[in-house]
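Coordinate analysis (summary)
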Amino acid sequence: GQTNLKSPQDIQVYVVNTNFTLRWKYTGNNTNVTFSAEYRFEDLMTNGTEWKELPGCQKVTHMECDFSSAITEYYDKHHVRLRAERREEVSPWSSIFEMTPYDTAQISAPGIELQSINGVIKIKVYPPEANQVQKMWIDDLSFKYNLVIWENSSNAEFRNQSIFPTDIIDGLAPDTTYCLKVQATRPSEAKEGLFSPIHCVKTTHKANVLFCATNVSVLALNMKFHLHWNNRYKQHVSYNVQYLIGYLKKYYDDYSVKWLNVPGCENITDTQCNFSSIITTASGFFYLRVQAMNEYNKPCLSNEIKVDPLVTNEIGPPGVKVDIGDVLLHIQIYPPGGSESEVMSNHYDLSYRVLYWKNSSNNEEEIKVKDIKQTIGTISDLTPSTLYCVKVQALSKAYNKSSHFSKEECIKTPGDKVLPLIILATFVTALIAVLLVAAPLVFALYQAYNKIKYVFFPSCQPPLNIEGFGGQLFDSPYLSTTEEPIENCSIIETIITEELNQIDFKDYKHSKQSSRDSGNYSNDDDTSGSKVSEETLDKEIV
């Protein structure tokens, strides 16, 4: 059971696409020594399988072997072990190497084709594993491509840029040899592939066509997009503005026939056009170019320009309105875009930076800053009778954008309210004092008035039989005379009472007479009452 053979060490598995290579080191005497490997894998249904011989790695004499044909499950965990052999003698198994093929695999270099034409280099990239039946990477559209290009000179500067499967490399010097290489990546999985072999190509001169549109640029404000360009041609020239939906460049197909004309920008002579109509969604990007046509209907295409709406667009200043409350300065903010501000609010998560200060002759007044998310803000701690000025800036942190500040809006705070309060308190106090003094006086006057009215202007009149007693006229029944009115009244009532006791009043008139003697008289019975009084007086005289 004893052996002098050592186990292999430093076992590594290298995976590029679906190509698997096992490598190791051996420190013992390797004379007539061969190496054999075994593997097993785990899947979701079972904990593991039995060890099996690894095809392509049996009795090999070198320190590596290819076992690509043995691996068909790229997402399962695999175990690999190795031992040395010499005739019937074998070494102990090495330590187990564990791997998951998809996680371990590297991306191979892509294939490329180059064409130098009209001062630019056209490049076509083929994905890794192109035309292969068995693939590690299923979706070719998930690849992104990085280009490294440089002049073939001793002091070359390397330029890195992202490219599409079919693309144009411009901005190159004419009659210059450039070398380049391309790398495929999968950003979603943080994987970077191998670079392609270096390819070199010489550029040509670009044809100088005068009627071609130059200096193509985009001006965009509040989601209104305008394309501008220059015209060097003195003769008649017309333009068609064309656009290409950005995602079409991600495909490996030829997209040159998929350019479309911008509505309203066809066969125009102006050097600008509004292409806002094609911005139907802010999630995608576009490419634009200008096709110039001379008087002989010969076309010329400008350079392409990329438009990513939310990145290209600039944010305009917001609108501001200020108002003063009791103790607060109220700020109403209107999102950029005026009447179409909803478009900006839908596409950008805007916040606002408010600057406010006291507008005085003192230039050292501090400008204060307040950041808010809403379109309504307030400022407290205001100084009375002071002119405050406000201006607002719109911000988009997600796109690292900021607008210009709005126009300044100024408003003056009301005066100090302490003095009005003192005046009000003084007035109320004086009013209370006046009321306290005037109330007893008014009460006394009222009582005197009631007494005078009661004496001189009684509310009731005396009976008519009393007014005509003895044929004397009284100016007032309550004033003193030679005879005591109260005594006469008493005698009269006594006589009347005795007389009434003797007479049996059986009819309605005698009943009414009794009522009059009690003080309830009417005009209809005045005569009857007088007669009774006269008869009574005659009897007493007799």
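You'll find the structure just up there.
Here we summarise the structure given alongside this text. Being a predicted model, the structure only gives us computed values, none of them experimental.

What about the pattern of salt bridges?
Within the structure shown, the criterion is met by 13 salt bridges. For the salt bridge of E189 with R186, the shortest nitrogen-to-oxygen distance reads 3.4 Å. Note on E189: relative accessible area 30%, which makes it partly exposed. Residues joined by salt bridges that share partners form a network here, namely K59, R83 and E85.

Side note on the sheet that holds strand β26 (residues 329-334)
Pairing is antiparallel in the open sheet, where 3 strands are placed in the order β25-β26-β29. On the outer flanks of this sheet lie β25 (319-324) and β29 (376-379), each paired with one strand and no other. Here the strands of the sheet are splayed against their neighbours by 20° on average, with no regard to which way each runs. Of the strand pairs in this sheet, β25 and β26 are connected by 6 bridges, and their pairing is antiparallel. In the strand pairing of β26, K321 is matched with Q332.

So, the nonpolar core
Ranked by internal contacts, the top residues of the largest apolar core, which has 49 residues, are L227, W229, F275 and L288. Here this core spans two domains, since at least three of its residues come from each of domain 3 (214-312) and domain 4 (319-412). If we skip the residues at most four places from it in the chain, L288 touches L227, V241, Q242, Y243, W259, V262, F275, N303, E304, I305 and V307. One finds I11, A70, M99 and L180 within the second-largest nonpolar core, a separate group that totals 48 residues.

Thoughts on the state of the cysteines
Counted by the stated rule, this structure contains 5 disulfides. In this model C57 forms its disulfide with C65; the gap between the sulfur atoms is 1.9 Å. Taking the torsion about the S-S bond as the criterion, the C57 to C65 disulfide, at about 95°, is right-handed. By relative accessible area, which is 1% here, C57 ends up buried. Covalently, C265 is tied to C273 through a disulfide, its sulfur atoms 2.4 Å apart. Residues C265 and C273 are joined by a disulfide whose S-S torsion is about 100°; by sign, that bridge is right-handed. Across this residue pair, the class does not change: C265 and C273 are buried. The connectivity of the disulfides in the protein is 1-2, 3-4, 5-8, 6-7, 9-10, where the numbers refer to bonded cysteines in sequence order.

Quick notes on the pairing of strand β19 (residues 237-245)
Burial within β19 is extensive, with 8 of its 9 residues counted as buried. In terms of strand pairing, β19 meets strand β22 (residues 286-294) through 9 bridges, oriented antiparallel. Directly across from V241, in β22, lies its bridge partner V290. In the sheet, β19 pairs with strand β20 (residues 260-261) via 2 bridges, with the strands oriented antiparallel. Residue pairing for β20: Y243 is matched across the bridge by L260.

Scoring rules and cut-offs
- Residues numbered from 1 in each chain as written.
- Predicted model: local features only at pLDDT ≥ 70, side-chain atom pairs only at ≥ 80, totals over all residues.
- Heavy atoms only, no water.
- Salt bridge = Lys/Arg side-chain N within 4 Å of Asp/Glu carboxyl O.
- Buried < 20%, exposed > 50% of the residue type's maximum accessible area, 1.4 Å probe, protein only.
- Pairing = 2+ DSSP bridges.
- Helix = DSSP H or I, 4+ residues; strand = E, 2+ residues; numbered from the N terminus.
- Axes fitted to C-alpha atoms, helices over the stretch in contact; angles between N-to-C directions.
- Core = buried A, V, L, I, M, F, W, Y, C linked by side-chain atoms within 4.5 Å.
- Domains from an automatic or database assignment.
- Contact = heavy atoms within 4.5 Å.
- Disulfide = S-S within 2.5 Å.

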